[in-house]
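Remarks on the overall topology
Residues per chain are reported as follows:
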Amino acid sequence: MKQVMLERYGTPWEVASCADIPDIGDPGPDEVVFDVLAFPINPADMGFCRGTYRLKPPLPATPGAECVGRVVSAGAGVKHVKPGDLVINLQRENWTQRRKVKGDDAIPLPPGIDLRQAAMVRINPPTAQLMLSDFVDLKGGEWVIQNVANSAVGRLLIVLAHQRGLRTVNVVRRPELADELKALGADLVLVDGDDLAARVARETGNAPIRLGVEAIGGAATGRLVDCLATDGTLVHYGSMGGEDPKVGRTNFIYRGVRLTGFMLGRFLARRSAEQIRALYADLGGQVMAGRLFAPVDTVYPIEKIKDALAHADKGGRNGKILVSPNGAL
Ligand SMILES: NC(=O)c1ccc[n+]([C@@H]2O[C@H](COP(=O)([O-])OP(=O)(O)OC[C@H]3O[C@@H](n4cnc5c(N)ncnc54)[C@H](OP(=O)(O)O)[C@@H]3O)[C@@H](O)[C@H]2O)c1
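Residues numbered from 1 in each chain as written. Predicted model: local features only at pLDDT ≥ 70, side-chain atom pairs only at ≥ 80, totals over all residues.

**Some remarks on the overall build of the protein**
Within the protein, the secondary structure is distributed over 12 helices and 15 strands. In terms of overall size, the protein behaves like a compact globule, its C-alpha atoms giving a radius of gyration of 20 Å where 329 residues would be expected to give roughly 20 Å. Overall, the protein is about 60 × 40 × 35 Å in size when its C-alpha atoms are taken along their principal axes. In the protein, once contacts between residues fewer than 6 apart in sequence are set aside, the share between residues at least 24 apart is 67%. (Helix = DSSP H or I, 4+ residues; strand = E, 2+ residues; numbered from the N terminus. Rg over C-alpha atoms; globule rule 2.2 N^0.38 Å. Contact = placed C-beta atoms within 7 Å.)

Printed below as a string of structure tokens:
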């Protein structure tokens, strides 16, 4: 079987290759074996290949934070999934043709769900959902502000916030995205820049914004904090610019703004296995109904992993790069 291998950390398309490895064998009594049908290349996977992600296992290593798979066989002790079921995997190392995991790590998805969308259910939809629910108790009509609004997380957050009756200020770096994001339910789309706080105040009629979520870092974090109300909360969850957040200290001293962070694993760990399955059942159902959607730019076979990684590194894409290791897409 084929699997993506890193022999060293560095430029993703230089260090990753498609290797032939022995088959993984049958599941144990509490294990599940599934064929990987599709996986996306996320920013965190690029960081993993570069060796800049928080996890840096000994080499050789296989990347892959998420995927969708179809169960091939399940041990006698596994009751919640059976052969043929579609699953997502709570564990990593998914850039491969076949995975063997503990039964509890295989989360079932509704049959018939679109495979491209299913490949992206594990990380970004719960990230958007939990950032809206776990920090500030927002009431209908309140505003939320976010940057990287055109990212997969950003687009999902627009839809999920709109469903709750929340209004969103969406900060982007490309003005041509405004109509597309408004069609998803975005109330305001603004281009990032030095006078952001003044423009946000003007466009929202000085509305107090109690929650901001941001994934760039550097001065961009500070620009979003400047838009928040006194005692507001800024959730830093990514680092697309590669710099630590820079925030003016007066925000903390005079205005009591809270700067905190989100990592999906930490927030899932606060929930039971049943709650996690319920969360994904809800999100999977919303994907199935077409309410949650992440655009896909191009699908590659696993043998073309280097091309896929080089493409994923380019800005201005029209969605995610996916890989289909068993030719299912
Ligand atoms: N903490 C967590 O648990 C967690 C979970 C999921 C995702 N994340 C993070 O969330 C972020 C978005 O992930 P995703 O999968 O949704 O991303 P994605 O769909 O690949 O989109 C990346 C976005 O980042 C923007 N971008 C790239 N470089 C930038 C820069 N230097 N300055 C400003 N914007 C930049 C792109 O803008 P254009 O559209 O203009 O190209 C694009 O909108 C990433 O940082 C990821 O690591 C964190």
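**A short note on helix H12 (residues 305-312)**
All buried positions along H12 are accounted for by Ile-305, Ala-308, Leu-309 and Ala-312. Buried residues of H12, viewed axially, fall in a sector of 95°; they line one side. The inward-facing, buried residues of H12 contact strand S1 (2-6), helix H1 (12-15), strand S2 (16-20), helix H2 (43-50), strand S14 (296-301) and strand S15 (320-324). (Buried ≥ 20, exposed ≤ 12 C-beta atoms within 10 Å, placed from the backbone. Arc of directions from axis to C-beta.)

**Digging into the sheet that holds strand S9 (residues 167-172)**
Across the sheet, 6 strands lie side by side as S10-S9-S8-S11-S12-S13; this open sheet has parallel pairing. Only two strands of the sheet have a single partner each, and these edge strands are strand S10 (188-191) and strand S13 (258-261). In this sheet, adjacent strand axes meet at a mean angle of 20° when their direction is disregarded. Relative to S9, strand S8 (residues 143-146) runs parallel, the two being bridged by 4 bridges. Looking at the pairing, Trp-143 lines up with Arg-167 of S9. (Pairing = 2+ DSSP bridges. Axes fitted to C-alpha atoms, helices over the stretch in contact; angles between N-to-C directions.)

**Let's talk about unusual backbone geometry**
Backbone phi values are negative for most residues with the exception of glycine, while trans is the configuration of most peptide bonds. Cis geometry is found at the peptide bond from Leu-59 to Pro-60, where omega equals -5°. A positive phi angle is found at Glu-93, which is not glycine, with a value near 60°. Mapped onto the elements of the fold, Glu-93 is located in the loop between strand S5 (86-89) and strand S6 (98-102). Residue Glu-93 is classed as partly exposed on the basis of its 17 C-beta neighbours within 10 Å.

**Quick word on the site of the ligand**
In the vicinity of the ligand there are 25 residues, among which Ser-151, Ala-152, Gly-238, Met-240 and Leu-264 approach most closely. Elements with a contribution of two residues or more to the shell around the ligand: H2, helix H4 (124-133) and helix H5 (152-163). Split into classes, the residues belonging to the shell around the ligand amount to 13 nonpolar, 10 polar and 2 charged. (Near = placed C-beta within 6 Å. Nonpolar A, V, L, I, M, F, W, Y, C, P; charged D, E, K, R; others polar.)

**Brief notes about the domain arrangement of the protein**
Entries for the protein in the domain assignment read domain 1 (2-120 + 294-324) and domain 2 (124-265). Domain 1 and domain 2 are separated by 30 Å when their C-alpha centres are compared. Each partner contributes residues to the interface: domain 1 has 4 residues there, and domain 2 has 6 residues. Of the residues in the side of domain 1 that touches domain 2, the class split is 3 nonpolar, no polar and 1 charged. (Domains from an automatic or database assignment.)

**Thoughts on the nonpolar core**
Val-68, Ile-145, Leu-157 and Val-323 are the most contacted members of the largest nonpolar core, which totals 86 residues. Residues lining this core come from more than one domain, with at least three contributed by each of domain 1 (2-120 + 294-324) and domain 2 (124-265). Not counting the four nearest positions on each side in its chain, Leu-157 is found in contact with Ala-128, Met-131, Leu-132, Gln-146 and Val-213. (Core = buried A, V, L, I, M, F, W, Y, C linked by C-beta atoms within 7 Å.)

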